[in-house]
Amino acid sequence: MKLWLRRMFVFFVAIMTFGLYIPSAQPDSKVNDEKNILSSSKIVEENDEGSDSPTEDGDCVHYPEEKESKTTLLAKQAREQAIAKLGPRILEQVEDDFMEVILPTMEEVLTTLLVEAGSQEVPYFMITDQPADGYGEKIFHVYDVRNDMDIARFHVRRDKRPLEGYWFNFHYHLSKDHFEKHHEIGEIYWSKDDPPKWMA
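The structure presented is a predicted model; accordingly, all values stated were derived computationally and were not measured.

Undergrad: Looking at this model, I keep getting lost on the nonpolar core. Mind explaining?
TA: Buried together is how nonpolar side chains tend to be arranged in soluble globular proteins. Counting residues in hydrophobic clusters, the biggest one holds 33 residues, and the most contacted among them are F98, M106, F154 and F170. Those elements giving two or more residues to this core turn out to be α3 (70-117), β3 (125-127), β4 (138-144), β5 (149-161), β6 (165-174) and β7 (183-189). Of all the elements, α3 adds the most residues to this core, at 15 residues. Contacts of M106, omitting those with residues within four sequence positions, involve A82, I139, F140, F154, F170 and I185.

Structure (structure tokens):
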């Protein structure tokens, strides 16, 4: 019984500390001088100070991770919010048109907006993280964190056309025209049946 408990204890400790402790790559070497020991946090701090050259630690070479540009990060977040907005039931039926037509156009519009804003403004731009569910139009908004003001609003509206059925109209609004004008991104046909609620 004691052996069984000991094995269970070792197993749980291993699970709890998984990834927190990484043994040295050179188990045979003896390090007595504390000045020669580099902690992983020290290596990270040295890399974050702007050094793009690799650092050497014994036989290991550490390369700094490539940093994602703000524009790429915002485009990635926009894609995630748009997919979340549709929800699995709608996405299953319109995925091809959405991925091939709507999403690339939406990302192109977003990139153009960020380029027009300039590299000094873009670091202050963020994307809202909660699309409107149910029947709401909001996919995501791009806003300035300094004043919490929207720069652009990306929406999708469901239109019911006589004898045709339901269409999803993707569009955006801009602050420079006080969000009054609809700037078209594209449309996707659903069917004559009522589409499910967003995010369903």
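Undergrad: Looking at this model, I keep getting lost on unusual backbone geometry. Mind explaining?
TA: Trans is the common state for peptide bonds, and a negative phi is the common state for residues other than glycine. Of note, D148 is a non-glycine position whose phi angle comes to about 60°, a positive value. Inspection of the secondary structure puts D148 in the loop between β4 and β5. The phi dihedral of F179 falls on the positive side, at around 60°, and the residue is not glycine. When you line up the elements, F179 lands in the loop between β6 and β7.

Undergrad: Can you help me understand the packing of aromatic side chains in this one?
TA: Two measures describe an aromatic ring pair: the distance that separates the ring centres and the angle between the ring planes. Evaluated as defined, the whole model comprises six aromatic pairs. Arranged with centres 5.7 Å apart and planes meeting at 45°, the rings of F168 and W190 form a pair that is tilted. Separated by 22 residues along the polypeptide, F168 in strand β6 and W190 in the segment after β7 bring together distant segments of the chain. A residue is classified by how much of its surface remains accessible, and F168, at 0% relative accessible area, is buried. Connected via pairs of aromatic rings, a cluster forms that spans F140, F154 and Y172. Across the ring face of Y124, the terminal group of R146 is positioned such that the distance to the ring centre comes to 4.1 Å. A cation over a ring is seen here: R158 above W198, with NZ or CZ 4.6 Å from the ring centre.

Undergrad: Got a minute to help me understand the side chain of K85 in this structure?
TA: Relative to the helices and strands, K85 is located in helix α3. Although K85 is buried, it forms no salt bridge, and the closest oppositely charged side chain is D133 at an N-O distance of 7.2 Å. In this structure the side chain of K85 is engaged in a polar contact, spanning 2.5 Å, whose partner is the backbone oxygen of A132. There is a polar contact of 3.2 Å between the side chain of K85 and the backbone oxygen of K138.

Undergrad: Looking at this structure, I do not really get a negative patch on the surface. What am I missing?
TA: On the surface, a cluster of negative charge is contributed by E92, E95, D96, D97 and E100. In this fold, D96 is placed in helix α3.

Undergrad: Can you help me understand the pairing of β6 in this one?
TA: In the case of a regular strand, side chains alternate between the two sheet surfaces. Of all ten residues that make up β6, nine are buried, and the element is covered over most of its length. Pairing geometry for β5 and β6, over ten bridges, is antiparallel. Counterpart to R157 in the pairing with β6 is N169. Counting the residues in the hairpin turn of β5 and β6 gives three residues, including L163, whose phi is positive at 70°.

Reading guide: rules and limits
Residues numbered from 1 in each chain as written. Predicted model: local features only at pLDDT ≥ 70, side-chain atom pairs only at ≥ 80, totals over all residues. Heavy atoms only, no water. Core = buried A, V, L, I, M, F, W, Y, C linked by side-chain atoms within 4.5 Å. Buried < 20%, exposed > 50% of the residue type's maximum accessible area, 1.4 Å probe, protein only. Helix = DSSP H or I, 4+ residues; strand = E, 2+ residues; numbered from the N terminus. Contact = heavy atoms within 4.5 Å. Phe/Tyr/Trp six-rings, centres within 6.5 Å; stacked < 30°, edge-to-face > 60°. Lys NZ or Arg CZ within 6 Å of the ring centre and 35° of its normal. Lys, Arg positive; Asp, Glu negative; His and termini not counted. Salt bridge = Lys/Arg side-chain N within 4 Å of Asp/Glu carboxyl O. Polar contact = N/O pair within 3.5 Å; in protein donor to acceptor, adjacent residues only side chain to side chain. Patch = residues over 30% accessible without salt bridge, like charges linked within 9 Å, V, L, I, M, F, W, Y side chains within 5 Å. Areas by Shrake-Rupley, 256 points an atom, 1.4 Å probe, with all protein chains shown as cover. Charge placed at Lys NZ, Arg CZ, Asp CG, Glu CD. Pairing = 2+ DSSP bridges.

Keep in mind these values describe shape, not function.
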